[in-house]
Amino acid sequence: MLDEALKGEIQAAYRRVLEAQGLTPRYGQRLMIAEIARTLSGIVADDSGKRISDEHVCVLEAGTGTGKTLAYLLAALPVAKARGKRLVIATATVALQEQVLHQDLPALKAHSGLDFHYALAKGRGRYLCVARLEQELDGVTGNPTLSLFEQSLVQESGDNFQALVRDMAEAYGSGSWEGDRESWSESIDDTDWRRLTIDHRQCTNRRCGHFAACAFFRARRDLETADVVVANHDLVLADLSLGGGVVLPPPGDCIYVFDEGHHLPDKALNHFAHRVGVSGSLRWLGSLKKSLTELNQALAIQPTVARLLGTLPEAIAALEPRLGEAFSLGHQLAGRPQGLADGEESHQHRFEMGRTPDALREHAGSLVTAFAELTRTLETLSDILRESLDPDKHTGLAREQAEAWLPLMALLHGRALEAHGLWQAYAEADTGGEPPQARWMTLERFGGDPELTFSASPVSAAPTLARTLWGSCYGAVVTSATLTALGRFERLQERAGLANRYRYQRLPSPFDYSRAVLSVPREAVDPADREAHERAIIDFVGGLGADEAVLMLFSSRAQLRAVEKALPSAQREGVLAQDRLPKRELIERHRARVDAGKGSIIFGLASFAEGIDLPGDYLTHVVITRLPFAVPDDPVGATLAEWIESQGGNPFMRISVPDASIKLVQACGRLIRKEADRGRITLLDRRVLTRRYGRALLDALPPFVREIDGVTEGV
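All of these numbers come straight from a predicted model, not from anything done at the bench. (Residues numbered from 1 in each chain as written. Predicted model: local features only at pLDDT ≥ 70, side-chain atom pairs only at ≥ 80, totals over all residues. Heavy atoms only, no water.)

(A) View of the packing of aromatic side chains. Tallied over the full model, the rule gives 18 aromatic pairs. Relative to Y426, the ring of F351 has its centre 6.2 Å away and its plane inclined at 80 degrees; by these criteria the two rings are edge-to-face. One end of the pair, F351, is in the loop between β7 (347-350) and α15 (358-387); the other, Y426, is in helix α16 (residues 399-427), with 75 residues separating them in the sequence. For Y426, a relative accessible area of 0% translates into the label buried. Here W423 and F454 contribute two aromatic rings whose centre-to-centre distance is 4.8 Å and whose plane-to-plane angle is 55 degrees, an arrangement assigned as tilted. Residue W423 is located in helix α16, and its partner F454 is located in strand β9 (residues 449-458); the two are separated by 31 residues in the primary sequence. A residue is classified by how much of its surface remains accessible, and W423, at 1% relative accessible area, is buried. Note that K109 overlies the ring of F116, its terminal NZ or CZ placed 5.2 Å from the centroid. Seen from the ring of Y127, K122 lies directly overhead, with NZ or CZ sitting 5.5 Å from the centre. (Phe/Tyr/Trp six-rings, centres within 6.5 Å; stacked < 30°, edge-to-face > 60°. Helix = DSSP H or I, 4+ residues; strand = E, 2+ residues; numbered from the N terminus. Buried < 20%, exposed > 50% of the residue type's maximum accessible area, 1.4 Å probe, protein only. Lys NZ or Arg CZ within 6 Å of the ring centre and 35° of its normal.)

(B) Representation of the sheet that holds strand β19 (residues 711-712) in the model. Strand order in the open sheet made by the eight strands is β14-β15-β13-β16-β17-β12-β18-β19, with mixed pairing throughout. At either margin of the open sheet sits one strand with a lone partner, and together these are β14 (575-577) and β19. Sheet analysis places strand β16 (residues 621-624) next to strand β17 (residues 679-683), joined by four bridges and oriented parallel. Following the sheet pairing, V622 is matched in β17 by I681. Each of β13 (549-553), β14 and β15 (600-604) touches helix α22 (residues 583-595); the most contacted strand, β14, lies at about 165 degrees to it. (Pairing = 2+ DSSP bridges. Contact = heavy atoms within 4.5 Å. Axes fitted to C-alpha atoms, helices over the stretch in contact; angles between N-to-C directions.)

(C) Spotlight on the pattern of salt bridges. In total, this model carries 32 salt bridges according to the counting rule given. Of the charged contacts, one joins E182 and K122 as a salt bridge, the two residues approaching to 3.1 Å between their closest N and O atoms. Of this pair, E182 sits in the loop between α7 (161-174) and α8 (190-194) while K122 sits in the loop between β3 (118-120) and α5 (130-138), and the two are 60 residues apart along the sequence. Residue classification places K122 among the buried residues on the basis of a relative accessible area of 11%. Among the salt bridges present, the one from R181 reaches D190, with a minimum N-O distance of 2.5 Å. (Salt bridge = Lys/Arg side-chain N within 4 Å of Asp/Glu carboxyl O.)

(D) Looking closely at the sheet that holds β7. Ordered by their spatial adjacency, four strands build an open sheet running β6-β9-β8-β7, and the pairing between neighbours is antiparallel. Across the chains shown, the open sheet's two edge strands, defined by having one partner strand only, are β6 (274-277) and β7. Going from strand to strand, the sheet's axes swing by 15 degrees on average, the running direction of each strand aside. Lying on the sheet, α16 is in contact with β6, β8 (437-446) and β9; it crosses β9 at an angle near 65 degrees.

(E) Fine view of the pairing of β17. Of the strand pairs in this sheet, strand β12 (residues 516-520) and β17 are connected by four bridges, and their pairing is parallel. Bridge pairing in β17 places A516 opposite G679.

(F) Summary view of the packing of helix α2 (residues 27-41) against helix α3 (residues 68-82). Viewed as axis vectors pointing N to C, α2 and α3 meet at an angle of 25 degrees, and their least axial separation amounts to 8 Å. One finds that α2 runs roughly parallel with respect to α3. Like other packed secondary-structure pairs, α2 and α3 cross with a definite hand, here right-handed. Residues Q29, M32, I33, I36, A37, L40 and S41 of α2 touch α3, and the partners they reach there are K68, L70, A71, Y72, L74, A75, A76 and V79. When grouped by side-chain class, the residues that make up the contact of α2 with α3 number 12 nonpolar, two polar and one charged. (Parallel < 35°, antiparallel > 145°, perpendicular 65-115°, else oblique. Left-handed = near helix turned anticlockwise from the far one by under 90°. Nonpolar A, V, L, I, M, F, W, Y, C, P; charged D, E, K, R; others polar.)

(G) Highlighting the state of the cysteines. Under the criterion given, the structure shown has zero disulfides. In this structure C58 is a free cysteine whose sulfur lies 11 Å from that of C473, the closest cysteine sulfur available. (Disulfide = S-S within 2.5 Å.)

See below:
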């Protein structure tokens, strides 16, 4: 229940912000504040502060212009502080994260009268490792861990790496740089950065001699006092996969806000997937075997370490032939016993319904056993090396040697753990009646050498999210401009594991959508006739006004290029194609043309249907060449579709149409970005009129004025 004091605090803060910034209260924004405050304040907890009620999540679709960020900050922050919880704001994109951190939170702090502290949370891999930096300053010859994996990185790094190291050391030492990758003044090559950072397994935490100066732990200390933590979806998911409370506060102490929440299910699936290359595994095992002499010379003085190192030759010998057999067996199952054909860049083979063939399942079982033994050995070695850094522990190893070799041993442990997880996914049988795992293989070439990558992934993140996120957090808000499919929340619930008992609401938009026309012109054809559809697009481009600002969205790169190539040279000069220019430069050129009073046409792919913000005259016409049905080559989606069909369902209506509805709403959403915006949306796909799902797709769109075959509906 929202008590009067808390309600008054939120209302007063809202009034102050509106007055200070000269803003007008928005109906949808007020509803959003009320819904979030009502949900979060209604959470019941025991005397220790642990949540015991189960209606602690609200899911709110709020279109562009609602003022979502201000609404969830104003509503959730006072409740979080009153309940002694931390507010974690998680975004899907860097752009929104920077907006929240550098615009919205400072403005709220300055004008609302609320007293709070905020900080940015980033993963360990985004920060400089001071120990690594020092090793690079001293020269690579003094670092024994380079003997195994990192020599290749040294060879790949540019000539300017040592100059970069010196500049970083000076900047970090003087305090002019905080040690995170994003705030460095120039772009840092991925290869160079990998030499200067580490992951959670390699880090020695408080046992590191550079702990007091550590960039990551300095940032962590800021987090400990922050009322609001700004993160991203990936970091929240990574923290949950480690058990929670590792980088971010424990879930039970958090109220999460997932902005751009429609991305969360896909982000989660990526975290739960396994991918391991056979040739890559053989390479790191071979490197380990070659370095055993060096490892023994450095570490075998300690009896337990000596015994463990002594088991490695046998463990490697057990794995190498098994991996070779997996390589051969995989090629046979993929129908490529001799490898890729000449001119063939890659080949993907998906196992129907995710079923692992008996021979491969049996072989995967032997690899699970072998990798389990290697993983246990490497984990124990890592633990001993980590303990050796503690002056109160007497392991028999000198701190200097342990510190030098721990990053390598932890890296090896991580590689072995990844391989174990992958082969376990291939060895285990799926639970009857439940969706299976997707399993597939990819044949590729890297530097001319063949690689066979085995992959496995759940087809739904719902069970894991339901358990590790919604079931463990104190409270949560999920919001985005596009959460519903065909006007309903069911598809999001199914994908994200959100229970029916949670609160769901679609908030009214402040925009007048009658200022835009949605047109399905006579030129629109069925894309099944590829040549006719392509010709219709070309003819339509030719009929565009010379002063129009147009975003034309294509479903395939091949069609985009074909249309561009077929245009007369004079028209082609007015086209800015996504695959020809970097996104930022393309947008800048488009804006410059419009500012100069000229027309401009952007040819974009699916990524331009979301996140492009061109208000006012910068965009007056959105052209959607084809309904945005997903390309049917995704192994996860294909496996899920097979399973739904096996259960008597219709995967097209259950998955493809709802997902296309979301994407179509997002694409149309590029046009109206401000209250005064107007323009036209043209759909060049006649299926929206001829197929039974077409009406549902149209009815899920905002209430644009409709013009079908040149006739305005209702007139």
